[in-house]
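# Chains, contacts and geometry: an overview
What follows is the residue order along each chain.
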Amino acid sequence: MNPQAKLIFTISLILGTAITTSSNHWIMAWAGLEINTLAILPLISKSHHPRAIEAATKYFLVQATASTLLLFSSMTNAWYTGQWDITQLTHPISCLILTSAIAMKLGLVPFHFWFPEVLQGAPLTTGLLLATVMKFPPITLFFLTSHSLNPTLLTCMAILSAALGGWMGLNQTQIRKILAFSSIAHLGWMTIIISFDPKLTLLNFYIYSLMTAATFLALNSIKALKLTTLMTTWTKTPSLNAMLFLTLLSLAGLPPLTGFLPKWLIIQELTKQSMAPAATVISLLSLLGLFFYLRLAYCTTITLPPHTTNHMKQWHTNKPTHITIAILTTLSTMLLPISPLIYPLS
């Protein structure tokens, strides 16, 4: 892709995200979401492969539908209450339509079907944007309207997301699809707590973005798209694979890694809100995700190809992205000891 075009699309992504996250008016938030959608489409379809074109088409149709629902929700609320302010969403029908619109934007169950297919058709770097940056504006709208939304509906959607995200990721061999179902399961954790402690949702999203960025960039560096490819990379870059192993375990939420922090805080808050059954169910459902993370980790480090390679192992490489990967993997694995500092800052 032309560097100038890529620069324009990147600036548009930043602009769209900034407009949505900083706006108080529904029309401005909607405009920011539309800029984001239009900016990411060329990045999804830049390979001109039929799978990429299909992914871009699916993404456009789903996001256009979600944006229409969001606009309809805000107009219904303005019709009944005279308010265009995002935080003044009070009409129950508007709240229901908005929940559906944001669930569609994020890929929450039951609107999750598009996300694995789109991520599978996109390159790894674009997949990283889809799994992190593109989810930030809808999460912000969730944050701003969390006091108006129905907690029972959100809890049901969250538990179903955690269940389906874990269950459907079990039999996958494509790494991007596994990471897509992982994202759906993590969104379940973010959604279940949004009505009770919205700041905890944002903290979960930030930590999830850190771990996902580290995973995607490491996979992009070793050019692994399938589990069979991942099995042969240990002999080429052992140090990178060892850090990828720890990052995957952190994504699974195992202590004493960073990924355990949001799950720990969410279970604690749910228990305080007398929702111990929901906390128990979503904790048990995270074991499904743990299985496929362990399978990925096993393929990354513990399996070896039948014949080891004769060339020198790359313990150190000079690629500039590896500095970013090193920082992200360190943050993805070692933030738990300073959790008393992180949570008040959020």
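Conventions used here
Residues numbered from 1 in each chain as written. Predicted model: local features only at pLDDT ≥ 70, side-chain atom pairs only at ≥ 80, totals over all residues. Heavy atoms only, no water. Helix = DSSP H or I, 4+ residues; strand = E, 2+ residues; numbered from the N terminus. Rg over C-alpha atoms; globule rule 2.2 N^0.38 Å. Buried < 20%, exposed > 50% of the residue type's maximum accessible area, 1.4 Å probe, protein only. Contact = heavy atoms within 4.5 Å. Areas by Shrake-Rupley, 256 points an atom, 1.4 Å probe, with all protein chains shown as cover. Phe/Tyr/Trp six-rings, centres within 6.5 Å; stacked < 30°, edge-to-face > 60°. Lys NZ or Arg CZ within 6 Å of the ring centre and 35° of its normal. Patch = residues over 30% accessible without salt bridge, like charges linked within 9 Å, V, L, I, M, F, W, Y side chains within 5 Å. Salt bridge = Lys/Arg side-chain N within 4 Å of Asp/Glu carboxyl O. Polar contact = N/O pair within 3.5 Å; in protein donor to acceptor, adjacent residues only side chain to side chain. UniProt positions renumbered as here; feature names shortened; annotations may be inferred. Domains from an automatic or database assignment. Buried area = accessible area lost by both parts, 1.4 Å probe. Nonpolar A, V, L, I, M, F, W, Y, C, P; charged D, E, K, R; others polar. Core = buried A, V, L, I, M, F, W, Y, C linked by side-chain atoms within 4.5 Å. Axes fitted to C-alpha atoms, helices over the stretch in contact; angles between N-to-C directions. Parallel < 35°, antiparallel > 145°, perpendicular 65-115°, else oblique. Left-handed = near helix turned anticlockwise from the far one by under 90°. Expected span 1.5 Å × (residues − 1).

### Points about the overall build of the protein
- For the protein, the helix and strand inventory stands at 16 helices and zero strands.
- The globule rule puts the C-alpha radius of gyration for 346 residues at 20 Å, and the 20 Å found for the protein is close to it.
- A principal-axis box enclosing the C-alpha atoms of the protein has dimensions of 70 × 50 × 35 Å.
- Scored against the burial criterion, the 346 residues of the protein give a buried share of 53%.
- Taking the intrachain contacts of the protein between residues at least 6 apart in sequence as the baseline, contacts between residues at least 24 apart amount to 78%.
- Total accessible area computed for the protein in this model is approximately 15,200 Å², and 71% of it derives from carbon and sulfur atoms.

### Observations concerning the packing of aromatic side chains
- Applying the stated rule across the entire model yields seven aromatic pairs.
- With 5.4 Å between their ring centres and 75° between their planes, Trp114 and Phe115 make a pair best called edge-to-face.
- The structure contains a cluster of three or more aromatic residues connected by ring pairs, namely Tyr59, Trp114 and Phe115.
- Stacked on the ring of Phe115, the Lys or Arg Lys135 has its end atom at 3.9 Å from the ring centre.

### Considering a nonpolar patch on the surface
- A cluster of nonpolar residues, Ile27, Met75 and Trp84, forms a patch on the protein surface that exposes about 260 Å² of accessible area.
- Here Met75 shows up in helix α3 (residues 50-81).
- On the accessibility criterion, Met75 (47% relative accessible area) is partly exposed.

### Comments concerning the side chain of Thr20
- Among the secondary structure elements, Thr20 is positioned in helix α1 (residues 3-22).
- There is a polar contact of 3.2 Å between the side chain of Thr20 and the backbone nitrogen of Leu33.
- Ignoring anything within four residues of it in the chain, the contact list for Thr20 reads Ala29, Gly32, Leu33, Pro137 and Leu141.

### Digging into the UniProt feature "domain: NADH:quinone oxidoreductase/Mrp antiporter transmembrane" (unreviewed entry) in the protein
- Feature annotation in UniProt assigns "domain: NADH:quinone oxidoreductase/Mrp antiporter transmembrane" (unreviewed entry) to the following positions: residues 23-288.
- Helix makes up 75% of residues 23-288 and strand 0%, and the two end C-alpha atoms of the span are 38 Å apart.

### Brief notes about the domain arrangement of the protein
- By domain assignment, the protein separates into domain 1 (1-124) and domain 2 (150-345).
- For domain 1 and domain 2, the distance between their C-alpha centres works out to 24 Å.
- Domain 1 puts 18 residues into the contact, and the matching count from domain 2 is 23 residues.
- Interface area for domain 1 against domain 2, summed over the two sides, is near 1,800 Å², with a carbon-plus-sulfur share of 75%.
- Between domain 1 and domain 2 we count one salt bridge in total.
- On the surface where domain 1 and domain 2 come into contact, there are five residue pairs in polar contact (both at pLDDT 80 or more).
- Ranked by residues supplied to the side of domain 1 that touches domain 2, first place goes to helix α5 (residues 114-121) with five residues.
- Along the lines of polarity and charge, the residues of the side of domain 1 that touches domain 2 split into 12 nonpolar, four polar and two charged.

### A look at the nonpolar core
- Residues Ile44, Tyr59, Leu130, Leu219 and Leu230 are the most contacted members of the largest nonpolar core, which totals 98 residues.
- If you tally residues by element for this core, the top one is helix α10 (residues 198-222), at 14 residues.
- There are two domains that each give this core at least three residues, and those are domain 1 (1-124) and domain 2 (150-345).
- Not counting chain neighbours up to four residues away, the residues in contact with Leu230 comprise Ile175, Leu219, Ile222, Ala224, Asn241, Leu244, Leu296, Cys299 and Thr300.

### Structural notes on the packing of helix α4 (residues 92-106) against helix α7 (residues 136-145)
- In contact at an axis separation of 9 Å, α4 and α7 are set at 150° when each is read in the N-to-C sense. Here α4 lies roughly antiparallel to α7, going by the angle between them. The two elements α4 and α7 cross, and the hand of that crossing is left-handed. Along the contact surface, α4 presents Leu98, Ile102, Lys105 and Leu106, while α7 presents Pro138, Ile139, Leu141, Phe142 and Thr145.
- Looking at the contact of α4 with α7 residue by residue, the class counts come to seven nonpolar, one polar and one charged.

### Examining the environment of Thr10
- On the secondary structure map, Thr10 appears in helix α1.
- Residues Thr10 and Leu43, spaced 33 residues apart in sequence, show a C-alpha to C-alpha distance of 9.3 Å.

### Notes on helix α2 (residues 26-44)
- Over its 19 residues, α2 runs 27 Å from end to end, which matches the ideal 27 Å to within 8%, given 1.5 Å per residue.
- Considered for burial, the residues of α2 that qualify are Trp26, Ala29, Gly32, Leu33, Asn36, Thr37, Ala39, Ile40, Leu41, Leu43 and Ile44.
- The secondary structure elements touched by the buried residues of α2 are α1, α3, α4, α5, α6 (124-131) and α7.

### As for the environment of Trp167
- Turning to its location among the elements, Trp167 is positioned in helix α8 (residues 151-168).
- With relative accessibility at 58%, the residue Trp167 sits in the exposed group.

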